[in-house]
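Fold and contact review
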Amino acid sequence: MSQLSRSSHALVTGGGRGIGLAISAALSDAGATVTVLGRNRATLDEAVASGAAQFAAVADVADQASVKSAIAEAAARQPIDILIANAGAAESAPFGRSDAALFQRMMDVNFMGVVHAVQAVLPGMLERRRGRIVAVASTAGLKGYAYVSAYSAAKHAVIGLVRSLALETAKSGVTVNAVCPGFTETDLLEGSIDNIIKKTGRSREQAISELSKHNPQGRLVAPSEVADAVLWLCGEGAGAVTGQAVAVAGGEV
């Protein structure tokens, strides 16, 4: 397992639940000081109480001023060496019923949320000539899925950002990567399962099977498996790895 110094400060957006919480716990267990950032103070406080993080910051990643202020406060306590841009949201609808507002919501959270966080931490990383940035994208950033065109477009944008920014920072000591989970056992996925049940009348088991079939291993991904990939990208041994989109999806892509 990768080990990180407690002098390493990691900030995880959307770190209070699901994949973000698993990543926060893995970073904390590896020795880093972790700040979780999100909109729900109670959820963040639970993450701190559980030991998955040491500090919490409240902000909406879609609000640039909010993110900038919260990250500045966290960085004043301890410079940020690791950013995990994990916060995201998913909405599904046929393209014909996906209006401009839906596309804007998906871009604001899933893409601009990453941009805002990176812009807040990158200057300090470049000045210190060290840093790790990992965006949690999705297999939807590597391929298409029906009925999630807005979400998929936003996640594709994240991958493009990662690849371009990695080239800009290649000689700086900062690496920029993405992990792309397939369907993962989280509360976000529960919404998709409920949606399938509601729209098709299928049982919960059938709905899970419908999602699992995308994974050649025939199962959902565990949040801890995504966290392990992120932890490796944050370690010293991954210093030559940048601009990559690492799929954690059982061979799906």
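All figures in this text were calculated on a predicted structure; none of them were measured in a lab. (Residues numbered from 1 in each chain as written. Predicted model: local features only at pLDDT ≥ 70, side-chain atom pairs only at ≥ 80, totals over all residues. Heavy atoms only, no water.)

**Points about the side chain of N110**
Locating N110 in the fold gives a position in helix α4 (residues 100-128). Looking at N110, its side chain comes within polar contact range of the main-chain oxygen of A89, at 2.8 Å. Contact partners of N110, with chain neighbours within four places excluded, come to G88, A89, Y151, A154, K155 and V158. (Helix = DSSP H or I, 4+ residues; strand = E, 2+ residues; numbered from the N terminus. Polar contact = N/O pair within 3.5 Å; in protein donor to acceptor, adjacent residues only side chain to side chain. Contact = heavy atoms within 4.5 Å.)

**Digging into the UniProt feature "domain: Ketoreductase" (unreviewed entry) in the protein**
On the UniProt side, "domain: Ketoreductase" (unreviewed entry) is annotated at positions that read residues 8-182 here. Spanning residues 8-182, this segment combines 48% helix with 19% strand, and its end C-alpha atoms are found 29 Å apart. (UniProt positions renumbered as here; feature names shortened; annotations may be inferred.)

**Some points on the nonpolar core**
Across soluble globular proteins, you tend to see nonpolar side chains buried next to one another. By size, the foremost hydrophobic cluster in this structure holds 33 residues, and its most contacted members are L37, I71, L83 and I133. When residues of this core are traced back to their parent elements, those giving at least two are α3 (64-77), β4 (82-85), α4, β5 (131-136), α5 (149-168) and β6 (174-181). The contacts of I133, once residues within four sequence positions are left out, are L83, V118, L122, M125, V174, T175, V176 and N177. Grouped together as the second largest cluster of nonpolar side chains are 31 residues, V36, L44, I84 and C234 included. (Core = buried A, V, L, I, M, F, W, Y, C linked by side-chain atoms within 4.5 Å. Buried < 20%, exposed > 50% of the residue type's maximum accessible area, 1.4 Å probe, protein only.)

**Regarding the packing of aromatic side chains**
Inspection of every chain in the model, using the stated rule, returns two aromatic pairs. With 6.1 Å between their ring centres and 80 degrees between their planes, F95 and F103 make a pair best called edge-to-face. For F103, a relative accessible area of 22% corresponds to the partly exposed category. One Lys or Arg, R77, reaches over the ring of F55 and ends 3.8 Å from the middle of that ring. (Phe/Tyr/Trp six-rings, centres within 6.5 Å; stacked < 30°, edge-to-face > 60°. Lys NZ or Arg CZ within 6 Å of the ring centre and 35° of its normal.)

**Remarks on the sheet that holds strand β7 (residues 245-248)**
The strand order across the open sheet formed by seven strands is β3-β2-β1-β4-β5-β6-β7, and the pairing between neighbours is parallel. Each end of this open sheet is capped by a strand with a single partner; those strands are β3 (55-58) and β7. If you compare each strand with its neighbour and ignore which way they point, the axes differ by 20 degrees on average. The pairing of strand β2 (residues 33-38) with β3 spans four bridges and is parallel. Looking at β3, one finds that V36 is bridged to A56. Set on the sheet, helix α2 (residues 41-49) makes contact with β2 and β3; between it and β3 the angle comes to about 170 degrees. (Pairing = 2+ DSSP bridges. Axes fitted to C-alpha atoms, helices over the stretch in contact; angles between N-to-C directions.)

**Comments concerning unusual backbone geometry**
Residues apart from glycine generally show negative phi values, whereas peptide bonds are mostly found in trans. Unusually for a residue other than glycine, R129 sits at a positive phi of about 60 degrees. In this structure, Y147 takes a positive phi of about 75 degrees despite not being glycine. As for its placement among the helices and strands, Y147 is situated in the loop between β5 and α5. Given a relative accessible area of 57%, Y147 falls into the exposed group.

**A few points about α2**
N-capping of α2 is provided by N40, with a side-chain oxygen placed 3.0 Å from the backbone N of A42. G51 occupies a position one or two residues after α2 and carries a positive phi of about 90 degrees.

**Overview of the pattern of salt bridges**
Evaluated as defined, the whole model comprises seven salt bridges. A salt bridge links E91 to R105; the shortest N-O distance between them is 2.8 Å. On the criterion of sequence distance, the pair formed by E91 in the loop between β4 and α4 and R105 in helix α4 is long-range, its members being 14 residues apart. With a shortest N-O distance of 2.9 Å, E225 and R219 are connected by a salt bridge. Among the charged side chains, a salt-bridge network with shared partners connects R202, E210 and K213. (Salt bridge = Lys/Arg side-chain N within 4 Å of Asp/Glu carboxyl O.)

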